[in-house]
Every structure is written in structure tokens, then in C-alpha cells.
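Structural characterization, general
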Amino acid sequence: MASSRINFIAGLLLLAGARAFATGGNYDEAPPTLDYYLKRLPAKSISQIMDESGVTPKISSKPVIDQAQLLRDFAAGPSPRLVKKMDQLLERARLNYSAPTEINLLQDFRDLAGGKGTAGEVSDYLKWRLDHLIWFSAFTGNPWEKPKPDASRPTEMDAKIQNSSQALLPHWLYLKGAYYYKDGNDTDSETYFARVLNEFPNSARAESALFMKARCRLSQSVETWEEMRTPKKDYKAIREQARQLFQDYLTNYPHGRYRNDVAGWLGGTAYRSGDLAQALPYYIQQTEAKDHPEDFQAAIIMIEKCLYHLRASSSSDIDQVAQHPSVALALAYFAINSAVPKEYRN
């Protein structure tokens, strides 16, 4: 079914090309060989085709956070009006394709705006967060030159946790987990996300903590170079635990703020397990989520990788692609383009 559908779509494209060629110049008949057209079809990536079809979101990279204005806004303390403003900033950040650090910061502030902290402690927390942005930013230099973790940073956050009010404690616990996760420590980070879930299950930060706990577990299912030599864990079982945690998120938060991200991570879980047919619909779902354009390009790359690895399939594995016109069109190009991108050869 899948192969015949691909061949049919490709045939339509070739026929359209033949007609167009026959009506131009001094030619009355189309060249008779398929090979002639295969050599002339554009070797385009899926993202290029979708962009030409007007499907790719038009995005920029302008920051949306005005720190001085945020400090003024939070000076009066949490309020429904402030929650609404944070939601608007988050929407702008997604449309502007802001850096993950900025979106994560706004998610934190959104929960802060709807919390029960006093005006003073909320303002203090906000100022500390803005003053320590570098602590939670990904290292972008040469990985071999990455500086060693600063031991004073966890100590400072421990003091914040020790002296925090109950209203702000979920934020500080989550923040320490985020710090460890950013630093590549997926074990200690999970400990702090679990504390948020166990000690403050009804807090606004619990949703983010469940999402990050699942990401920690998925990270733990990836073998390091050392572990590849002497495997010490059941990585398949850990990956299944991660999948279940992502499913728990969708059950607990069916309209949650991370639902589109969860789709991508469920796709990643299936992809890492070698189940490409199961991974594909999750990535397609991400491309169709209009309220999360920031996930679009990464999803497109993973769709292209899945299709490459499924290219020889003769089963119904990729029939679902035909339900999505833009992706089906892209698949037609991809199926008849014999050039294999270097990044997908492994």
C-alpha cells in the first residue's frame, strides 16, 4: 500500500513535468524515459518543499523580555492580570522563535504570577532569576573546553531552598533541578523534580516538574561511551519508564503547555527504540501545532530521518503520511531523489 501510493504520487509529479515540458520551446513530444525526469527533479529537502508551499512558520529571533518592565509588573505581587500578561509574552516568544532559555524563564514567571507569594518575595525571586540567567543557559562553545561546574552555585541555591517560604519553595526546588539538568546531571536533577511532585503536587510548578522528570529518565536511557563498553543498566526498561512518564503527563495535563514538546519526546523515544513507524506520527503532529512554531524545524528534521530509514518499506508503515498533504508531497520528492544526505547515512 505504502509503496504503491508513493509511486502514484511520484507518477503524478512526473506526468505534470512532462506536460509542462511538452508545451514549451520547440519540443512537441516529451522525452520517453523516466531517467530523463529523475535527473531534472529538484533535489530538495522536506523543509524546503514545505517552505515553498507556505507551510513553514515565518519566525524571527527577537527577544521579548524587558527586564525593567518585568520588575515593575511584579512589584505589586501575583495577580490574574499578571498571568494574562505572561501568557501573552509566552505566545510572542514562541512566534518569535525565542531561545529556549527565554521561554523557560517565562514559564517560571507565569507560574510565579499565579502563585501565592508576597509581593516582596516574588520580586526578590524575579530579580535573582534575572541576575543569574547565565547559570541556566546552555554552553555553546567547544564541549572539550566546557568549564568545570562551580561548586558555589548549588550551595547558594541550597541556602535559597533552606530560607524559602512554602509559596516559593517549589520554584527553588525546580530551579536546582533545572541547574543540574543543564549541567548534564540527569540523576540529581530528577531528584529535585521528584521533590516538587512529591511535596507540592498541586503547585503550578508540578506540571513542569513531571515533564522534566520524564526527560531525565529518557536521558538516562542513553548509553555513555563508558557504558557502551560495560553496560550496567537495562536501557530499554528505562526508556519505557520515560515513555510512561510522558504518557502520564498527557493524562494529567491533556491541554498542558508542554503537550507539543511531549509529542516530540515520545517520537524520540520511539525513534531511539528503532520503531520509526511509531515515531513518525508524533513528529507530524508537531508540524501541525500552530501554537508551537518553535518545534517545527526540529520536527521536520526528524520526519526526514524517519522517511529515509523507512524508504525500503513495502508495508503500511508510512500510509499515514498520505493523510498529511504537505508531508506526502515532500515524501514524493524524497522517494525519487537518489542523493542521500550525509547526515542520514548512519
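Residues numbered from 1 in each chain as written. Predicted model: local features only at pLDDT ≥ 70, side-chain atom pairs only at ≥ 80, totals over all residues. Heavy atoms only, no water.

With respect to the overall build of the chain
Counting its regular elements, the chain contains 17 helices and zero strands. Within the span of the chain, comprising 346 residues, buried residues form 42% of the whole. (Helix = DSSP H or I, 4+ residues; strand = E, 2+ residues; numbered from the N terminus. Buried < 20%, exposed > 50% of the residue type's maximum accessible area, 1.4 Å probe, protein only.)

Looking at the nonpolar core
By size, the foremost hydrophobic cluster in this structure holds 51 residues, and its most contacted members are F74, M86 and F109. Y283, I300, M302 and I303 belong to the second largest nonpolar core, which has 13 residues in total. (Core = buried A, V, L, I, M, F, W, Y, C linked by side-chain atoms within 4.5 Å.)

Quick look at the packing of helix α13 (residues 235–252) against helix α14 (residues 259–272)
Two elements in contact, α13 and α14, have axes separated by 10 Å at closest approach and are oriented at 160 degrees. Viewed along their axes, α13 and α14 adopt a mutual orientation that is roughly antiparallel. The interaxial crossing formed by α13 with α14 has left-handed handedness. Contacts from R239, R243, F246, Q247, Y249 and L250 of α13 reach α14 at R259, V262, W265, L266, T269 and R272. For the contact of α13 with α14, the residue count by class is six nonpolar, two polar and four charged. (Axes fitted to C-alpha atoms, helices over the stretch in contact; angles between N-to-C directions. Parallel < 35°, antiparallel > 145°, perpendicular 65-115°, else oblique. Left-handed = near helix turned anticlockwise from the far one by under 90°. Contact = heavy atoms within 4.5 Å. Nonpolar A, V, L, I, M, F, W, Y, C, P; charged D, E, K, R; others polar.)

Brief notes about the packing of aromatic side chains
Counting across every chain of the model gives 15 aromatic pairs. Ring plane angle 55 degrees and centroid distance 6.2 Å describe the contact between W135 and Y179, whose orientation is recorded as tilted. One end of the pair, W135, is in the loop between α7 (119–131) and α8 (152–163); the other, Y179, is in helix α9 (residues 169–182), with 44 residues separating them in the sequence. We note that W135, like Y179, is buried. By way of ring pairs, the aromatic residues Y125, W128, W135, F136, W172, Y179, Y180 and Y192 are connected into one cluster. Sitting above the plane of the F136 ring, R129 keeps its charged end 5.0 Å from the centroid. (Phe/Tyr/Trp six-rings, centres within 6.5 Å; stacked < 30°, edge-to-face > 60°. Lys NZ or Arg CZ within 6 Å of the ring centre and 35° of its normal.)

Quick notes on α9
Between its terminal C-alpha atoms α9 stretches 20 Å, which fits the 20 Å expected from 14 residues at 1.5 Å a residue. With eleven of its 14 residues buried, α9 lies for the most part within the structure. The secondary structure elements touched by the buried residues of α9 are α6 (100–113), α7, α8, α10 (188–199) and α11 (205–220). Backbone geometry just after α9 places G184 at a positive phi near 90 degrees. (Expected span 1.5 Å × (residues − 1).)

A short note on the pattern of salt bridges
All told, the structure shown has 15 salt bridges when counted by the stated rule. In this structure, K85 and D73 form a salt bridge, with 2.7 Å as the shortest nitrogen-oxygen distance. Residue K85 is found in helix α5 (residues 80–95), and its partner D73 is found in helix α4 (residues 67–74); the two are separated by twelve residues along the sequence. Residue K85 is classed as partly exposed on the basis of its relative accessible area, which comes to 25%. Residue D73 is classed as buried on the basis of its relative accessible area of 9%. Among the ionic pairs, D111 bridges to R205, the shortest N-O distance being 2.9 Å. Remark: R205 occurs in helix α11 and D111 occurs in helix α6; sequence separation between them is 94 residues. R205 shares its class with D111; the two are buried. One network of salt bridges, in which partners are shared, links D108, D111, R129, R205, E207 and R257. (Salt bridge = Lys/Arg side-chain N within 4 Å of Asp/Glu carboxyl O.)

With respect to the environment of S221
Looking at where S221 falls in the secondary structure, it is placed in the loop between α11 and α12 (225–229). Overall, S221 belongs to the buried group, its relative accessible area being 3%. Taking the C-alpha atoms as reference points, S221 and E240, 19 residues apart in sequence, are found 9.0 Å from one another. Apart from residues no more than four positions distant in its own chain, S221 is found in contact with Y235, I238, R239 and R272. Separated by 2.6 Å, the side chain of S221 and the backbone oxygen of L218 make a polar contact. (Polar contact = N/O pair within 3.5 Å; in protein donor to acceptor, adjacent residues only side chain to side chain.)

Regarding α7
Here α7 is 13 residues long and its end C-alpha atoms lie 18 Å apart, about the 18 Å a rise of 1.5 Å per residue gives. Here α7 has its buried residues at V122, S123, Y125, L126, W128, R129 and L130. On its buried face, α7 is in contact with α4, α6, α8 and α9.

A short note on the side chain of R153
Note on placement: R153 falls in helix α8. Among all residues touching R153, those that are not within four sequence positions of it are W135 and Y179.

Observations regarding the side chain of K176
Residue position: K176 is located in helix α9. Once residues within four sequence positions are removed from consideration, K176 is found in contact with P154, M157, D158, I161 and Y192.

Observations regarding the packing of α8 against α9
Interaxial distance between α8 and α9 falls to 9 Å at its minimum, and their mutual angle equals 165 degrees. Between α8 and α9, the crossing angle belongs to the class labelled roughly antiparallel. Between α8 and α9 the crossing geometry is left-handed. Taking contact as the criterion, the partners of R153, P154, M157, D158, K160 and I161 in α8 are, on α9, L169, W172, L173, L175, K176, Y179 and Y180. Taken together, the residues that form the contact of α8 with α9 break down as nine nonpolar, no polar and four charged.

Fair warning: the whole summary comes from geometry, so function is off the table for now.
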